[in-house]
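Spelled out from the first residue to the last, the chains are:
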Amino acid sequence: MKKFEFNLQPILNLKEQSEKIEKERLSKIMAEINLQKEKLHNLTKHLNEVLEERKDEISKGTTALKIAESDAYVRKIQQMIEDKRNLIKKLEKDADIVKENLLKISKEKKVLENLREKQFTEYQYLLNLEQNKVIDEQISFRVAKSY
């Protein structure tokens with residue numbers, strides 16, 4: 001009997017490759033999310049420090065120009081924080097899309113793997129039947145030859 005050959009192996013290989021690519025994409029997106037969250041944390045920390053310094057300056061007395069400059073700087077930092085939050089939301093949406101795609105590919109791959117296992121089990125069964133048939137023929141031939 002010929003060697004076992006899964007006729008959908010190229011498709012299974014493609015699914016495995018696609019799964020690997022999607023996992024890498026997800027990994028990159030998650031790393032970027034973590035990086036942006038760290039930057040957001042640093043910006044928030046910096047904003048709090050600036051607000052504290054501004055409060056101290058106002059309590060000690062400062063010029064209106066300094067207060068206006070400080071307000072502009074605070075608004076700029078707040079805008080940067082908002083931009084980071086929006087970027088993180090976008091990256092999280094991208095991650096969700098990649099996760100869904102990865103799940104779909106994984107399910108398709110699993111179906112193909114199950115089909116391959118089923119066909120291989122069937123192949124082994126048929127191979128076993130063929131081997132038993134050959135053995136039975138040899139035994140029958142020997143028994144017939146001994147008479």
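This text follows the structure it describes.
Treat the numbers as computed from the prediction; the structure is a model and nothing was measured.

Novice: I tried to follow a nonpolar patch on the surface on my own but got confused; where do I start?
Specialist: On the surface, a nonpolar cluster with roughly 290 Å² of combined accessible area is contributed by Tyr125, Leu126 and Leu129. Considering the arrangement of structural elements, one finds leucine 126 in helix H2 (residues 64-146).

Novice: I keep staring at the side chain of lysine 109 and nothing clicks. Help me out?
Specialist: Checked against the element boundaries, lysine 109 lands in helix H2. Setting aside anything within four residues of it in sequence, one finds lysine 109 in contact with Leu12, Lys15, Glu16 and Glu19.

Novice: Is there a simple way to think about the packing of aromatic side chains in this case?
Specialist: Here a ring pair, both rings aromatic, is described through the centre-centre distance and the interplanar angle of the planes. Counted by the stated rule, this structure contains 3 aromatic pairs. Here the aromatic rings of phenylalanine 4 and phenylalanine 120 are separated by 5.1 Å at their centres, their planes lie at 75 degrees, and the arrangement is edge-to-face. Remark: phenylalanine 120 occurs in helix H2 and phenylalanine 4 occurs in the segment before helix H1 (9-60); sequence separation between them is 116 residues. Judged by relative accessible area, phenylalanine 120 falls into the partly exposed class, the value being 31%.

Definitions and limits used
Once a new chain begins, its residue numbering starts again from 1 and follows that chain's sequence as written. Residue-level local features of this predicted model are given only where pLDDT is at least 70; pairs of side-chain atoms are given and counted only at 80 or more, and the full residue set underlies all totals for whole chains, interfaces and linings. To obtain the side-chain values, all non-hydrogen atoms of the structure were included, while hydrogens and water were left out. Like charges within 9 Å and nonpolar side chains (Val, Leu, Ile, Met, Phe, Trp, Tyr) within 5 Å are joined into patches, using only residues over 30% in relative accessible area that form no salt bridge. Every accessible area reported is derived by Shrake-Rupley at a probe size of 1.4 Å, with residue values counting cover from the shown protein chains alone. Salt bridge criterion: a side-chain nitrogen from Lys or Arg within 4 Å of a carboxyl oxygen from Asp or Glu. Going along the chain from the N terminus, every DSSP run of H or I of four or more residues is numbered as a helix, and every run of E of two or more is numbered as a strand. Whether two residues are in contact is decided by their heavy atoms, any of which lying within 4.5 Å being enough. Note on aromatic pairs: the rings of Phe, Tyr and Trp (six-membered ring only in Trp) are paired at centre separations within 6.5 Å, and the planes decide the class, stacked below 30 degrees, edge-to-face beyond 60, tilted for the rest. Think of it in three bands: with a 1.4 Å probe and only protein chains considered, a residue is buried below 20% of the maximum accessible area for its type, exposed above 50%, and partly exposed in between.

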